[in-house]
Amino acid sequence: MDIDVKNLHPLEVRLLRHVKVGEPITAERIVSELGYNVGQCNQAFSWLCAKNYLVEKSRTTHTLYEITDLGKKDEQDGLPAQRIYNYLKEQGAHTLPEIAEALGLEKSEVGSAFGQLSKGKIARMDELHRAFVEKQEMLREVLIAGKLLSRALKAPLDDATLSDEEKRVITTISKKRGSDSPLKVSEKEEVAYELTDLGGQAKEAVIKSGISGEEFNAVTPELLESGKWKNGSFRPYSLNAPISKIIPGRLNPYGAYIQWVKDKLVSLGFEEFDGPLVEDNFWNGDALFMPQFHAARDIHDVYYLKDPVHAKTIEEPWFSQVRETHENGWKTGSRGWGYEFSEEFTKRQLLRSQGTVLSAHTLTHAKVPGKYFGVVRCFRFDEVNATHGADFYQTEGIMLGKDVNLKTLLGLLKMFATEIAGAEEVKYVPSYFPFTEPSIEVHVKHPVLGWIELGGSGIFRPEVTRPLGIDVPVLAWGMGIDRMALMHLGLNDIRELFTPNIDSVRTRRGN
């Protein structure tokens with residue numbers, strides 16, 4: 001097999017020339033013998049493995065202990081237990097607060113260190129709560145800890161090199177984070193490689209070609225000025241070498257799609273609204289004439305807050321008017337739901353489960369006539385699959401005025417289905433929502449998933465609009481913009497909108 005040595009990087013060339021078939025090759029060895037840094041080692045290993053010139057033979061995990069700033073201070077000044085012992089030995093009995101002030105230690109440090117000395121019967125308290133030395137020798141584990149810090153000051157300690165006693169002691173002065181302990185614990189993998197048969201052929205080809213890996217890569221002003229180019233050689237170019245992939249900057253396709261939807265609605269005269277992720281039951285359901293005993297308001301369908309559990313107040317006059325509407329219909333011409341409205345329940349806080357909560361907020365200050373929309377993140381307990389997520393986006397909106405009607409609503413739904421979602425087959429299905437009458441669902445046909453629901457819509461009932469200060473017809477809709485994006489971007493699974501696969505994001509068709 002022909003080996004194209006011109007296609008090898010200098011890091012690869014030098015490594016191939018240096019190692020022999022059958023011997024272990026590690027990063028530690030290459031750093032020591034060739035002067036590579038760890039990053040260069042990893043690059044060379046990765047490239048050579050991809051060409052099948054190297055193969056991994058073993059992988060060993062080492063636990064390392066690295067000294068921290070606190071450890072350096074303790075190594076220089078002495079561990080708190082050692083310092084307290086020396087102080088009591090020289091100065092006699094003192095209280096713990098006096099020791100802390102004299103040695104410049106935190107009270108917690110003094111308490112912990114004295115506890116260690118007391119447990120080892122090196123020191124104890126007298127009847128006046130003063131600490132004093134009881135035994136004229138230091139704890140062995142403290143002495144070992146001090147020696148470990150001195151060794152760690154020179155180089156990180158490998159768990160494999162410690163004795164059983166040292167291992168027991170080191171666990172008391174080390175933590176994974178390490179910011180508040182003398183030693184920081186970390187794990188390091190050591191991988192050993194070997195040349196393959198193909199790698200041996202590559203080594204021979206490199207030697208035969210005379211390439212050393214020290215060749216100049218480019219002609220630079222410094223090279224010309226120094227004259228070094230006269231005594232050196234230049235790296236040959238390979239026309240077969242793969243070109244670098246050019247990746248231009250671009251917007252996330254789903255983010256770009258959402259912005260495109262916003263721009264389209266604004267161009268049609270809609271004003272955008274927004275609001276907090278955390279709402280209370282009042283706006284999330286009660287203001288929408290959803291009875292407090294409605295099945296969808298069960299704790300299994302929404303995410304309630306643990307702290308704070310309740311909102312402090314609900315805005316007036318909306319609270320009183322909505323409460324009366326639920327209990328007896330208020331001035332809406334309705335009989336209401338006929339139950340005792342719970343103030344404690346209505347103040348319960350949750351992550352909003354539907355975008356319609358912002359439509360309810362907007363009704364309290366909406367202009368007549370008016371058109372409003374929002375792209376709203378919602379949270380609802382659901383099984384995650386190709387068409388459902390535990391959190392999702394809705395494009396939510398209302399249109400209010402004396403002349404709006406069902407025909408106007410159907411025109412809006414058709415625009416969402418055909419122009420924004422890009423669907424070719426659309427159907428409208430009668431439905432039921434507590435806050436609209438009539439109520440309509442819009443369904444579109446996905447080429448792979450079949451018929452899927454985009455969302456619900458309808459005309460707000462007077463029990464919703466009048467308690468919030470509106471006395472004209474209000475069209476309302478809540479569309480799953482995630483599902484519309486599936487159609488528009490040509491995807492088959494809603495989870496692909498949030499994929500961590502960066503290549504998929506880079507190549508996906510957007511707006």
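Scroll up to find the structure this text is about.
Residues numbered from 1 in each chain as written. Predicted model: local features only at pLDDT ≥ 70, side-chain atom pairs only at ≥ 80, totals over all residues. Heavy atoms only, no water.

## Quick word on helix α7 (residues 107-119)
Worth spelling out the cut-off: Counting from the N terminus, the helices are DSSP H or I runs at least four residues long and the strands are E runs at least two residues long. Any helix carries an expected span of 1.5 Å times its number of residues minus one. The rule is simple: take the accessible area with a 1.4 Å probe, protein chains only, and divide by the maximum for that residue type; under 20% is buried, over 50% is exposed, in between is partly exposed. By definition, the arc is the one covered by directions from the helix axis to the C-beta atoms. In what follows, residue pairs with any heavy atoms lying within 4.5 Å of each other are defined as contacts.
The first and last C-alpha atoms of α7 sit 18 Å apart over 13 residues, in line with the 18 Å expected at 1.5 Å per residue. Among all positions in α7, only Val110, Ala113, Phe114 and Leu117 are buried. Relative to the axis of α7, the buried residues are bounded by an arc of 100° and lie together on one face. For α7, the exposed residues lying more than 90 degrees away from the buried face are Ser108, Ser112 and Lys119. Contact partners of the buried residues in α7: α5 (80-91), α6 (96-103), β2 (123-125) and β3 (131-133).

## Quick word on the packing of helix α1 (residues 10-18) against helix α3 (residues 38-50)
Rules: Throughout, an axis means a line fitted to C-alpha atoms (over the contacting stretch in the case of helices), and angles, computed between N-to-C directions, take values from 0 to 180 degrees. Each angle receives one of four descriptions, namely roughly parallel if under 35 degrees, roughly antiparallel if over 145, roughly perpendicular if within 65 to 115, and oblique otherwise. Classes in brief: Ala, Val, Leu, Ile, Met, Phe, Trp, Tyr, Cys and Pro nonpolar; Asp, Glu, Lys and Arg charged; the others, Gly included, polar.
Two numbers describe how α1 lies on α3: the axes approach to 9 Å, and their chain directions differ by 80°. As the angle between them shows, α1 and α3 are arranged roughly perpendicular. Counted together, Leu11, Glu12, Leu15 and Leu16 of α1 and Gln40, Gln43, Ala44, Phe45, Trp47 and Leu48 of α3 form the full contact between these two elements. Here the residues of the contact of α1 with α3 sort into seven nonpolar, two polar and one charged.

## A short note on a nonpolar patch on the surface
The line we're drawing: Patch membership requires over 30% relative accessible area and the absence of a salt bridge. Like charges are linked within 9 Å, and nonpolar side chains (Val, Leu, Ile, Met, Phe, Trp, Tyr) within 5 Å. Each accessible area is a Shrake-Rupley result for a 1.4 Å probe, and residues are judged covered by the shown protein chains and nothing else. Here a salt bridge means any side-chain nitrogen of Lys or Arg lying within 4 Å of a carboxyl oxygen belonging to Asp or Glu.
A cluster of nonpolar side chains, contributed by Val219, Leu224 and Trp229, occupies part of the molecular surface with about 290 Å² of accessible area. On the secondary structure map, Leu224 appears in helix α11 (residues 221-226).

## Concerning the nonpolar core
Heads up, the condition is: We call a set of buried residues a nonpolar core when its members are Ala, Val, Leu, Ile, Met, Phe, Trp, Tyr or Cys and they connect through side-chain atoms within 4.5 Å of each other.
Of all hydrophobic cores here, the largest spans 37 residues; its most connected members are Tyr257, Phe416, Leu454, Met479, Ile481 and Met484. The biggest single contributor to this core is helix α17 (residues 406-420), with seven residues. Apart from residues no more than four positions distant in its own chain, Met479 is found in contact with Tyr393, Gln394, Thr395, Leu413, Phe416, Val442, Leu454, Gly455, Gly456 and Met484. In this structure, Leu79, Phe114, Ala131 and Leu157 belong to the second largest nonpolar core, which totals 35 residues.

## Looking at the packing of aromatic side chains
As a reminder, the rule being used: Note on aromatic contacts: the rings of Phe and Tyr and the six-membered ring of Trp form a pair at centre separations within 6.5 Å, being stacked when their planes are under 30 degrees apart, edge-to-face when over 60 apart, and tilted otherwise.
By the definition in use, this model includes twelve aromatic pairs. Between Phe282 and Phe319, the ring centres sit 6.1 Å apart and the planes meet at 45°, which makes this aromatic pair tilted. On the criterion of sequence distance, the pair formed by Phe282 in helix α13 (residues 281-284) and Phe319 in helix α14 (residues 318-328) is long-range, its members being 37 residues apart. Judged by centre distance (5.9 Å) and plane angle (15°), the rings of Phe433 and Phe435 are stacked.

## A closer look at α5
A rise of 1.5 Å per residue sets the reference length of α5, with its twelve residues, at 16 Å; its end C-alpha atoms lie 16 Å apart and thus fit the reference within 8%. Within the sequence span of α5, burial applies to Pro80, Ala81, Gln82, Arg83, Ile84, Tyr85, Tyr87 and Leu88. In this fold, the buried residues of α5 make contact with α4 (69-77), α6, α7, β3 and α8 (140-154). Of the residues trailing α5, Gly92 is marked for its positive phi of about 85°.

## Concerning the pattern of salt bridges
Applying the stated rule across the entire model yields 18 salt bridges. The residue Arg59 makes a salt bridge to Glu189 at a minimum N-O spacing of 2.7 Å. Here Arg59, found in strand β1 (residues 54-67), pairs with Glu189, found in strand β6 (residues 183-195); they are 130 residues apart in sequence, far enough to count as distant. Note on Arg59: relative accessible area 45%, which makes it partly exposed. We classify Glu189 as partly exposed; its relative accessible area is 46%. Within this structure, Glu23, Arg29 and Glu33 form a network of salt bridges that share partners.

Purely geometric numbers; function is a separate question.
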